[in-house]
Amino acid sequence: MSAQPWLFWALASAAFAALTAIFAKMGLQGIDSDFATFIRTLVIVAALVLFLTYTGKWQGVSGFTGRNWTFLILSGLATGASWLAYFKALQMGNASQVAPVDKFSLVLVALMAVVFLDERPSTQEWIGLGLVTAGVLTLALKR
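Reading the values: rules and limits
The numbering scheme is per chain: residues are counted from 1 as the chain's sequence reads. Residues qualify for local features only when their pLDDT is at least 70, as the model is predicted, and side-chain atom pairs are given and counted only at 80 or more; totals for whole chains, interfaces and linings, by contrast, use all residues. Note: side-chain values were computed over all heavy atoms of the structure, leaving out hydrogens and water. Here a strand is any run of E in DSSP of at least two residues, a helix any run of H or I of at least four, and the numbering for each starts at the N terminus. A helix is expected to span 1.5 Å for every residue after the first. Residue burial is assigned from relative accessible area. The probe radius is 1.4 Å, only protein chains are included, and a residue is buried under 20% of its type maximum, exposed over 50%, and partly exposed in between. Working rule for contacts: check all heavy atoms of both residues, and any pair within 4.5 Å makes them a contact. Any carboxyl oxygen of Asp or Glu within 4 Å of a side-chain nitrogen of Lys or Arg constitutes a salt bridge here. Residue ranges labeled as domains rest on an automatic or database domain assignment. When two parts are put together, the accessible area they lose, computed with a 1.4 Å probe and summed over both, is reported as buried area.

*Asks:* Explain helix 2 (residues 33–55) residue by residue, including any values.
*Replies:* Relative to the 33 Å expected for 23 residues at 1.5 Å per residue, helix 2 spans 32 Å between its end C-alpha atoms, a close match to the ideal helical length. All buried positions along helix 2 are accounted for by Ser33, Ala36, Thr37 and Arg40. Taken together, the buried residues of helix 2 touch helix 1 (7–27) and helix 3 (66–92). The positive-phi residue at the C-terminal boundary of helix 2 is glycine 56, with phi of around 65°.

See below:
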């Protein structure tokens, strides 16, 4: 397997997502999950303001197209809905079960990418997606 330029960032994302589940589960005790999502969002906004300022990556939005705005807004709404559902699930269930089921999103991404982005996963990728689905079902079914 040759190292892909995106691989480091994808692995970093996975590690931070794991920490998100653990820290959130620990922080949700005794508080409303929706309000906790709001606090999390404020922290993210503040961190991004600092990051964009530090790296000098602020840019004007006058060049954004209607398509840019539409899909960024839809993505933001989907992210918010995902976070609300994720925090509620974490509050109600075990992090070791909720987080893997949440990662079923990768199967859904692949299916939606076929439909909306005309992507074509290889046979090996379909097998991997089937294994992920089997793993999610194994974790989600009652014992």
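*Asks:* Before we move on, can you summarise the pattern of salt bridges with the specific residues and values?
*Replies:* Applying the stated criterion to the full structure yields two salt bridges. A salt bridge links lysine 103 to aspartate 102, with the shortest nitrogen-to-oxygen separation between them at 3.1 Å. Across the salt bridge formed by aspartate 118 and arginine 120, the nearest N and O atoms sit 2.9 Å from each other. Like aspartate 118, the residue arginine 120 is exposed in the burial classification.

*Asks:* Break down the domain arrangement of the chain for me, citing the residues and quoting the values.
*Replies:* On domain assignment, one finds that the chain holds domain 1 (1–93) and domain 2 (94–142). If you average the C-alpha positions of domain 1 and of domain 2, the two centres end up 20 Å apart. At the interface, eight residues of domain 1 touch six residues of domain 2. Contact between domain 1 and domain 2 buries roughly 520 Å² in total, counting both sides, with carbon and sulfur atoms accounting for 76%. Together, Tyr86, Leu90 and Gly93 form the three largest contributors to the area buried by domain 1 at its contact with domain 2, with a combined 58%. Where domain 1 packs against domain 2, one counts zero salt bridges.

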